[in-house]
2 protein chains.
Amino acid sequence: MAHALVPEAGEAVKIESIQSAYHRLPLEGMGDAGHGAIDSMELITVRLRAGGLEGHGYTYTIGRGGRGVHALIEHDLAPLLTGRDATDIQALWDAMWQRLLYVGRGGAASFAIAALDIALWDLRGLREKKPLYALLGANAREIPAYGSGVDLPKSLDDLLKQTEGFLARGLPGVKVKIGKSDAREDEERVRAVRRLIGDKVDLMLDANMAWSAEQALERGRRLEQFNLRWYEEPTIPEDVPGHAHLARELEVPIALGESLHSLHEFRRYVDERAVEVLQIDPVTNGGISVALHALQMANAAGLDASSHYCDELAAHLLCVATRRVYLEKHAFALDRYLEEPQRVLNGRARPTEAPGTGMRFAERALAPYRADR
Amino acid sequence: MAHALVPEAGEAVKIESIQSAYHRLPLEGMGDAGHGAIDSMELITVRLRAGGLEGHGYTYTIGRGGRGVHALIEHDLAPLLTGRDATDIQALWDAMWQRLLYVGRGGAASFAIAALDIALWDLRGLREKKPLYALLGANAREIPAYGSGVDLPKSLDDLLKQTEGFLARGLPGVKVKIGKSDAREDEERVRAVRRLIGDKVDLMLDANMAWSAEQALERGRRLEQFNLRWYEEPTIPEDVPGHAHLARELEVPIALGESLHSLHEFRRYVDERAVEVLQIDPVTNGGISVALHALQMANAAGLDASSHYCDELAAHLLCVATRRVYLEKHAFALDRYLEEPQRVLNGRARPTEAPGTGMRFAERALAPYRADR
């Protein structure tokens, strides 16, 4: 039998090479209560060659720590995976977790693992000629998408202009950052946005861990009057009992997930009923593999689901969710750096039908921002 | 008034420069059940200049992830601290934690923060002309030190030879790695060591997270017959309820701490009574600042304390502990790379009387292992 150029599904496929590149992409006038001013994002792309195909992956930061993440990929994970069989993603994920266990258990290690995990899922899609949603066992469907700013430093005028832009795009919901030191200022901004969008558009608030659980309870009670879809990251991720208390005391559902860096962290939140809208981010969570299992946990617990950033991957992943879903159209859009930006029509996103993730970075657009050489 | 060359205690002292260097130090024939074979350690040294003085710090890994930790120091933390006042260590620690929050909350970020935190404490000692133990509010005292191998791959003969070496040095206790797939093999090794050391020498076992909590319970019940001082890291750090169950069910005390990367993690273990011997590691925990607070938690909860690695810093830190203490004389000794290795006399360690940490790396010994240029 002649040697096939592209191996059949089911055969072992040896990883031949892994290349990564570090970029710093400028952002303007953004920030939130937990992370302060955000003037750039770091984007690290990964290309993983195996069996004549090339899986693409990426990871990102909000402008800090990306060199460290890149070094973990270059010096630890790429050498670990090269030469291994690409088809057993779970085994490779576990090998990466174990390799970085001593300095890992989350944090930067999860961001590094994510880039390779995403490339492995992409490669699997290319090999099996299936889009990601199908690999995950779901059918494609339309996911409602809300507009999301990173807008705490914006003036009220600029906040309202941004909101008008979301409405003009036909998005059925908008999210506003809160966490001003003066509670009345937050209240004024939220009231103005609610007045602008009317009663039929969903409104979410995001505190980015600004407060103690007790402060978050007081703030939440003041803000519930605005008929909120959810109240996001009211306090630090380590305070699981605090979140559980907020979930019991407030009517507005508690949403979080972007700051959880392992399945262990998700499990504790679900077990202790400390999250009501489970949000996945396939980068910060440690890969598509982790985000998928987190969504399955949400399904089993009867929780609503949503996404943080990574709009393109989220459109595939959220097809797995069985309760209410919402995709975040994030302010750090990668649209201008992608060959085919993720489209939103009539306020709804659909996953791409291309094999794999469907994400291909436009090299010409990215090249000017490469910063590792 | 003439400008003093060295500022007085209490004055603000601006951080002028931070230099770091990455080294790979070879190790031979070491390994454990959780991390596999360990053929090198990575050592990253830091020098922080402020007010005419130079504080020295370091961080380490067990051979993986160190390039990432180094990049976090070089690209994120050193630029953040340069120009700030060195005297408010707590404020600087918090600024570092917040800076790396998005990719942090533990993991590699804690290892990076530790190097700078150690350098800041060292600098404070130089400024105030006090050894670290005095800065921590304690008196110097002798701390019993036990011999500790990273010896799971060693043959039984080599394990016994290593143990004889510990006895010859007059150490009052020895620790043995367990986690062989065959429970009888662990049992034979532990029995042979207990027979060799007799009844008057302390014996500790370390499983390095080899098992599930249920397996760890079965293994622990088989091994308790050997009159153990403690049973270390029986399962993964994420399984806090599992550790609490083991602490209740087994007579042998449960020991851990080296894998905890924040004060939040320590607090949960103490609150849930899931640790009985609290072990600090001023590198992996995120700095002297974190290890100090962890020891104060142990004191408040009435727990015994011990150290993992970092023998030189541990001799200062353990002076703070109010219950029984034990210092680990670790197999990855830095002795040959230090100007004045930490001494153990009659099985006891004393903190140095030099100002600061007293740790100075011997540049001539380290230089051949520098690997970042």
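Residues numbered from 1 in each chain as written. Chains lettered and ligands numbered in written order. Predicted model: local features only at pLDDT ≥ 70, side-chain atom pairs only at ≥ 80, totals over all residues. Heavy atoms only, no water.

All right, on to the confidence of the model for chain A then. When pLDDT drops low, the exact placement of atoms in the prediction is not to be read closely. With 97% of its residues at a pLDDT of 70 or more, chain A shows a mean pLDDT of 95. This prediction of the complex comes with two scores: 0.96 for pTM and 0.95 for ipTM. (pLDDT = per-residue confidence, 0-100.)

This part takes up the relation of the copies chain B and chain A. Overlaying chain B with chain A gives an RMSD of 0.0 Å, the required rotation being 180° about an axis along which the chain moves by 0.0 Å. With respect to symmetry, the two chain copies, as superposed, fit the operation of a two-fold axis. When each C-alpha of chain B is compared by its distance to the rotation axis, B:Gly68 comes out closest, at 2.0 Å. A share of 100% of interface residues in chain B that are also interface residues in chain A marks the association as one of identical surfaces. (Least-squares fit on C-alpha atoms with pLDDT ≥ 70 in both. Contact = heavy atoms within 4.5 Å.)

A separate point is the sheet that holds strand S2 (residues 36-50) of chain A. Adjacent strands of a sheet pair through backbone hydrogen bonds, lying either parallel or antiparallel. Residue and element names in this part refer to chain A. Taken in spatial order, the three strands make up an open sheet running S1-S2-S3, and their pairing is antiparallel. Lying at the two open borders of the sheet, with one neighbouring strand each, are strand S1 (15-32) and strand S3 (53-61). Within the sheet, the average angular offset between the axes of one strand and its neighbour, ignoring direction, is 15°. In the sheet, S1 pairs with S2 via 14 bridges, with the strands oriented antiparallel. Across the sheet, the residue bridging to Tyr22 is Ile44, located in S2. The strands that helix H1 (residues 66-81) touches are S1, S2 and S3; relative to S1, the one it contacts most, it runs at about 165°. On top of the sheet, helix H3 (residues 108-128) reaches S1, S2 and S3; it is set at about 150° to S3, its chief contact. (Pairing = 2+ DSSP bridges. Helix = DSSP H or I, 4+ residues; strand = E, 2+ residues; numbered from the N terminus. Axes fitted to C-alpha atoms, helices over the stretch in contact; angles between N-to-C directions.)

The final tally for this structure, using the stated rule, is 50 salt bridges over all chains. For A:Arg124, the salt bridge identified is with A:Glu128, shortest N-O distance 2.9 Å. Here A:Arg124 pairs with A:Glu128, and both are found in helix H3, just four residues apart, close to one helical turn. As a salt-bridge pair, B:Lys175 and B:Asp206 come within 3.8 Å of each other at their nearest N and O atoms. Separated by 31 residues along the polypeptide, B:Lys175 in strand S5 (residues 173-177) and B:Asp206 in strand S6 (residues 202-206) bring together distant segments of the chain. Side by side, B:Lys175 and B:Asp206 carry an identical accessibility label, which is buried. When salt bridges that share partners are traced, they join A:Lys175, A:Lys177, A:Asp206, A:Glu232 and A:Glu328 into one network. (Salt bridge = Lys/Arg side-chain N within 4 Å of Asp/Glu carboxyl O. Buried < 20%, exposed > 50% of the residue type's maximum accessible area, 1.4 Å probe, protein only.)

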